[in-house]
Amino acid sequence: MALLNVNIDHVATVRQARLTDEPDPIWAAVQCQLAGANGITVHLRQDRRHINDRDVRLLKEAVVCKLNLEMSMTEEIVKIAERIKPDQVTLVPEKRAELTTEGGLDCLQQKERLAEVVKRMHKKGILVSTFITPEKEQIIASAEAGCDAVELHTGMYANAKGHKTVEKRLAELAAAKDFAKESGLVVHAGHGLTYRNIAGLARIEGLCELNIGHSIVARAIFVGMQQATAEMIKLINRYSVSL
Ligand code: PXP
């Protein structure tokens, strides 16, 4: 059964809309934990558009479940991860102009840097996952670089229109999951997952963690963070194939 990591970036987005001190992502993290989340995910972007250094520092203290830091491989951010020591980092590509992470990390092209970052994270006891498109060559490159896990990009599934395309995207994700597991990697998935499309993904056996952000924070505006998290966990559990 897949476990839920709640991405709370957009709690910080609302705070940053007024450059004030509320809503506080630390409070949101506590609410997610109370609802039974497996982990808290935040993306410390180079431009600090939502989550900032203070958030990551305090989350390291407040989060008793898993703290998963999404980050680029830029030296400044790698050094912060070494200092903070989250439980896990998920390495993502990052472009300043994008609304959200677009595409996966090109592990093939950046294999040398990836292997170096993996080594540095492992030295601090931090697990490493790469956010990748569900393709064999990206999985192989992640495994060869020494990663512990891959997070399969579910954006193409989330955006798919029509039953046939949806099924095709799910089949691609399931095949990539099998190949990643055979390559010795733990498999995560995320991006664009919602209360409406989670069923298809939850049915894929053997996914370990799901990273879900925008949809949960959007629902939390109406029902609160704790209930929004609990509802997503309930859906994941309802549709999961038990192992
Ligand atoms: N996984 C990764 C690697 C991401 O970059 C994001 C977006 O920050 C998510 C999961 C969560 O995506 P969403 O907000 O669409 O649920």
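Criteria and cut-off values
- Residues numbered from 1 in each chain as written.
- Predicted model: local features only at pLDDT ≥ 70, side-chain atom pairs only at ≥ 80, totals over all residues.
- Heavy atoms only, no water.
- Helix = DSSP H or I, 4+ residues; strand = E, 2+ residues; numbered from the N terminus.
- Rg over C-alpha atoms; globule rule 2.2 N^0.38 Å.
- Buried < 20%, exposed > 50% of the residue type's maximum accessible area, 1.4 Å probe, protein only.
- Contact = heavy atoms within 4.5 Å.
- Near = heavy atom within 4 Å.
- Polar contact = N/O pair within 3.5 Å; in protein donor to acceptor, adjacent residues only side chain to side chain.
- Areas by Shrake-Rupley, 256 points an atom, 1.4 Å probe, with all protein chains shown as cover.
- Lys, Arg positive; Asp, Glu negative; His and termini not counted.
- Salt bridge = Lys/Arg side-chain N within 4 Å of Asp/Glu carboxyl O.
- Pairing = 2+ DSSP bridges.
- Axes fitted to C-alpha atoms, helices over the stretch in contact; angles between N-to-C directions.
- 1 Å grid on protein atoms, 1.4 Å probe; cavity = no way out; pocket = protein on both sides within 12 Å on 5 of 7 lines; lining within 4 Å.
- Points joined across faces, edges and corners; volume = space filled by probe spheres on them.
- Nonpolar A, V, L, I, M, F, W, Y, C, P; charged D, E, K, R; others polar.

**Description of the overall build of the protein**
In terms of regular secondary structure, the protein is built from 11 helices and eight strands. At 17 Å, the protein has a C-alpha radius of gyration in line with the 18 Å of a compact globule built from 243 residues. Each principal axis of the C-alpha distribution contributes one length, and for the protein these read about 45 × 40 × 35 Å. Evaluated residue by residue, the protein yields a buried proportion of 52% over its 243 residues. Put simply, 68% of the contacts in the protein that link residues at least 6 apart link residues at least 24 apart.

**Quick notes on the site of the ligand**
The local shell around the ligand holds 15 residues, among which Glu-70, Thr-101, Glu-151, Gly-192 and Gly-213 are the closest. One of the side-chain N or O atoms of Glu-151 is found 2.5 Å from a nitrogen atom in the ligand. His-214 has a polar backbone atom sitting 2.9 Å from an oxygen atom of the ligand. Protein chains bury 94% of the 400 Å² of accessible surface belonging to the ligand in isolation.

**A word on the side chain of Glu-94**
With respect to the helices, strands and loops of the structure, Glu-94 is situated in the loop between strand S4 (88-91) and helix H5 (111-123). The buried charged residue Glu-94 lacks any salt bridge partner; its closest oppositely charged side chain belongs to Arg-45, at an N-O distance of 4.4 Å. Of note is the side chain of Glu-94, whose polar atom sits 2.9 Å from the side chain of His-43. There is a polar contact of 2.8 Å between the side chain of Glu-94 and the backbone nitrogen of Gln-46.

**Regarding the sheet that holds strand S6 (residues 149-153)**
Taken together, eight strands build a closed barrel; the order of strands is S1-S2-S3-S4-S5-S6-S7-S8 and the barrel is parallel. The average undirected angle you get between the axes of adjacent strands in this sheet is 25 degrees. Where strand S3 (residues 66-71) lies against S4, four bridges are found, and the strand directions are parallel. Note that in S4 the partner of Met-71 across the bridge is Leu-91. In the packing of H5 onto the sheet, contacts are made with S4 and strand S5 (127-132), and the angle to S5 comes to roughly 150 degrees.

**Quick look at helix H10 (residues 214-223)**
The complete set of buried residues in H10 reads Ser-215, Ile-216, Val-217 and Ala-220. Buried residues along H10 sit in contact with strand S1 (3-7), helix H1 (9-17), strand S8 (209-212) and helix H11 (225-239). Positive phi shows up at Gly-224, right after H10, with a value of about 90 degrees.

**Quick look at the layout of surface pockets**
By volume, the largest pocket amounts to about 630 Å³. If you go around the largest pocket, you meet 33 residues; those closest to its centre are His-10, Thr-100, His-191, Gly-192 and His-214. Listed by contribution, the elements that provide at least two residues to the lining of the largest pocket are H1, S6, helix H7 (155-159), S8 and H10. When residues of the lining of the largest pocket are assigned to their parent elements, the largest contribution, four residues, is made by H10. For the lining of the largest pocket, the per-class residue count stands at eight nonpolar, 18 polar and seven charged. Put simply, the second largest pocket is a space of about 270 Å³.

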